[in-house]
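Now for the letters of each chain:
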Amino acid sequence: MKYLNIQNIKIYLLTFINILKIYFITNNKFKNNKKLRFVLFYFPVQVYQENILELAKKLKQNKNIYVFLVYNRYLSSGIANQKNSFLLNLEYLRFIPFSNILLQKIHIFISNYVAYVFPTKSKNIYISHNIMDAPLVNKEIENKLFSHLSKLDYIFLPSDIAIKYFKKKLIYFFRIRNRKTPELINTGYLKLDHVKKKLNFLKNKKDSILIAPTVSSQMKEFNISHDLIKIIKILLKNTKEKIIYRPHPLDLTKKGNINFIKKIVNIFKNNKDFSADLSKSYLNSYSRAKFLITDFSSTAYTFSYSALCPVLFYSKNEKKLSKSKLASLIYFQDRLKVGYVLKNVNQILLKVQKLNLMKSKFKKRIINLRKKRIKYLDKSLKKTHDEILNIIE
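From a predicted model like this one, the values you see are computed outputs, not experimental measurements. (Residues numbered from 1 in each chain as written. Predicted model: local features only at pLDDT ≥ 70, side-chain atom pairs only at ≥ 80, totals over all residues. Heavy atoms only, no water.)

A closer look at the overall build of the chain
Phase 1: Along its length, the chain carries 16 helices and 13 strands.
Phase 2: Principal-axis analysis of the C-alpha atoms gives the chain an extent of 65 × 45 × 45 Å.
Phase 3: Intrachain contacts of the chain at a sequence separation of at least 6 include 74% that bridge at least 24 residues.
Phase 4: For the chain, the accessible surface area stands at approximately 19,500 Å², while carbon and sulfur atoms represent 53% of it.
Phase 5: One finds the centroid of the 75 positive side-chain charges in the chain at a distance of 2 Å from the centroid of its 24 negative side-chain charges. (Helix = DSSP H or I, 4+ residues; strand = E, 2+ residues; numbered from the N terminus. Contact = heavy atoms within 4.5 Å. Areas by Shrake-Rupley, 256 points an atom, 1.4 Å probe, with all protein chains shown as cover. Lys, Arg positive; Asp, Glu negative; His and termini not counted. Charge placed at Lys NZ, Arg CZ, Asp CG, Glu CD.)

Overview of the packing of aromatic side chains
Phase 1: In this structure the tally under the stated criterion is 19 aromatic pairs.
Phase 2: Arranged with centres 5.9 Å apart and planes meeting at 40°, the rings of Tyr-42 and Phe-109 form a pair that is tilted. Of this pair, Tyr-42 sits in strand S1 (residues 37-43) while Phe-109 sits in strand S4 (residues 106-111), placing them 67 residues apart in sequence. The exposure classification of Tyr-42 matches that of Phe-109, with both residues buried.
Phase 3: Their ring planes at 90° and their centres at 5.3 Å tell us that Tyr-340 and Phe-362 sit as a pair that is edge-to-face. Taken as a pair, Tyr-340 in strand S13 (residues 339-342) and Phe-362 in helix H15 (residues 359-373) lie far apart in primary sequence, 22 residues in all. Judged on exposure class, the residue Tyr-340 and its partner Phe-362 are both buried.
Phase 4: Taken together, the ring pairs connect Tyr-301, Tyr-305, Phe-313, Tyr-331 and Phe-332 into an aromatic cluster. (Phe/Tyr/Trp six-rings, centres within 6.5 Å; stacked < 30°, edge-to-face > 60°. Buried < 20%, exposed > 50% of the residue type's maximum accessible area, 1.4 Å probe, protein only.)

Re the pairing of strand S2 (residues 65-71)
Phase 1: Counted residue by residue, S2 has seven buried out of seven residues, so it is predominantly covered.
Phase 2: Both faces of S2 are covered, namely the face carrying Ile-65, Val-67, Leu-69 and Tyr-71 and the face carrying Tyr-66, Phe-68 and Val-70.
Phase 3: As paired strands, S1 and S2 are joined by seven bridges and run parallel to one another. Residue Tyr-42 lies in a different strand from S2, and its bridge partner there is Val-70.
Phase 4: Each parallel crossover has a hand, and for S1 linked through helix H2 (residues 50-60) to S2 it is right-handed. (Pairing = 2+ DSSP bridges. Right-handed = clockwise from strand over helix to strand, strands pointing away.)

A short note on the sheet that holds strand S3 (residues 85-87)
Phase 1: Taken together, seven strands build an open sheet; the order of strands is S3-S2-S1-S4-S5-S6-S7 and the sheet is parallel. Among the strands making up the open sheet, the edge pair consists of S3 and strand S7 (183-186). Taking each pair of neighbouring strands and ignoring which way they run, the sheet shows an average axis angle of 25°.
Phase 2: Two elements, S4 and strand S5 (residues 123-127), share four bridges in a ladder whose sense is parallel. Note that in S5 the partner of Ser-111 across the bridge is Tyr-126.
Phase 3: In the packing of helix H1 (residues 6-32) onto the sheet, the strands contacted are S1, S2, S3 and S4, and the crossing angle to S3 comes to about 145°.
Phase 4: Packed on one face of the sheet, H2 meets S1, S2 and S5 and runs near 170° to S1. (Axes fitted to C-alpha atoms, helices over the stretch in contact; angles between N-to-C directions.)

Some words on the side chain of Arg-288
Phase 1: On the secondary structure map, Arg-288 appears in helix H9 (residues 283-288).
Phase 2: Among the polar contacts made by the side chain of Arg-288, one reaches the side chain of Ser-208 at a distance of 3.1 Å. (Polar contact = N/O pair within 3.5 Å; in protein donor to acceptor, adjacent residues only side chain to side chain.)

Points about unusual backbone geometry
Phase 1: Despite not being glycine, Phe-98 shows a phi value in the positive range, around 60°.
Phase 2: Structurally, the position occupied by Phe-98 is in the loop between S3 and helix H3 (99-102).
Phase 3: Phe-98 gets classed as exposed once you look at its relative accessible area, which sits at 63%.
Phase 4: A positive phi angle, close to 60°, is found at Leu-308, a residue other than glycine.
Phase 5: The topology assignment puts Leu-308 in the loop between helix H10 (299-307) and strand S12 (311-314).
Phase 6: The buried category is assigned to Leu-308, whose relative accessible area is 18%.

As for the pairing of S1
Phase 1: A large share of S1 lies buried, amounting to six of its seven residues.
Phase 2: Note that S1 and S4 share five bridges and pair parallel. Counterpart to Phe-38 in the pairing with S4 is Ile-106.

Remarks on H10
Phase 1: When you tally the buried positions in H10, you get nine out of nine residues, the bulk of the element.
Phase 2: The set of residues buried in H10 consists of Thr-299, Ala-300, Tyr-301, Thr-302, Phe-303, Ser-304, Tyr-305, Ser-306 and Ala-307.
Phase 3: Positive backbone phi, approximately 60°, marks Leu-308, located one or two places after H10.

So, a nonpolar patch on the surface
Phase 1: Residues Ile-9, Leu-13 and Ile-17 make up a contiguous nonpolar surface patch of roughly 250 Å² in combined accessible area.
Phase 2: Mapped onto the fold, Ile-9 is located in helix H1. (Patch = residues over 30% accessible without salt bridge, like charges linked within 9 Å, V, L, I, M, F, W, Y side chains within 5 Å. Salt bridge = Lys/Arg side-chain N within 4 Å of Asp/Glu carboxyl O.)

Spelled out as structure tokens, the structure:
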């Protein structure tokens, strides 16, 4: 363990105890049913998880599948109260005697965030939440990310665009290391289908502009973070719109920039037209938003495809971006099909006015683009479920 303190010792002991519990459960259940297969869902990050829980629930309906829900020390809300849920810090597995044996009956390991440690005998599945081909991480840590992806057996992706992007990256990183690449499967977009369905039941008044940037540390020369405070001030002063600020979930953790979030919230906390959405679920914000302002977060297309509302993409370095390799990505090519590109802060009021006038036209464009880009619309749950069954068999 990196730091030996009371908290870490407590988590280690809980992890050890819970691994023993899983061991006894798997062995006892398997004795009674030799066809039984054990699936472990891992929830490492405090983000929207309802779509993954829906998948777990559907898998539980199979009599020969037994599901475990595992969360780490930073995430318990919504998971800890579920049946067969356990706190495990997977990073501690190497410090636990015989952990390979204790978890050897875990047949399938599933996570919707890249995990770095797995049970040694499991087939490992990563369900990607990146709907498009926007860069996943900064260039300097991309090598580390794809190194960890090498441990996966399957990557479930929401679109052919995402498959093409991952395939290109994996061929490059794995070719120079002479490794076998994970199998890439288009299973549709679980999150999109789930959010789309949920939004149909929410009847909130669309009275707000939602601002949802990517991680503040991601590609700083292109992201919105440097101008975010200025943008919020202009909108609050010169429009009658309510502003909802929803930071990227990673910025609410130690890996992000929580102090930056606190600064923004503190500046505008007394303005009745400003609110910060720091919750796990963005459903309420989506349902209230007339349109979205972002930079290059994948939420742009999740929002537009589910809420059928346009997006304003802030691109402070558009000229440089257009001359870079990023310009070839479908994410950036599709921007004008779902909204407008904002090149500097001074344009924002004009663009907001145009979006308000063009909402109905953009709705038709978004529906057409969604049909073109998403193969298994409204069918992703069944498709994902069936692919897992194929792997199990």
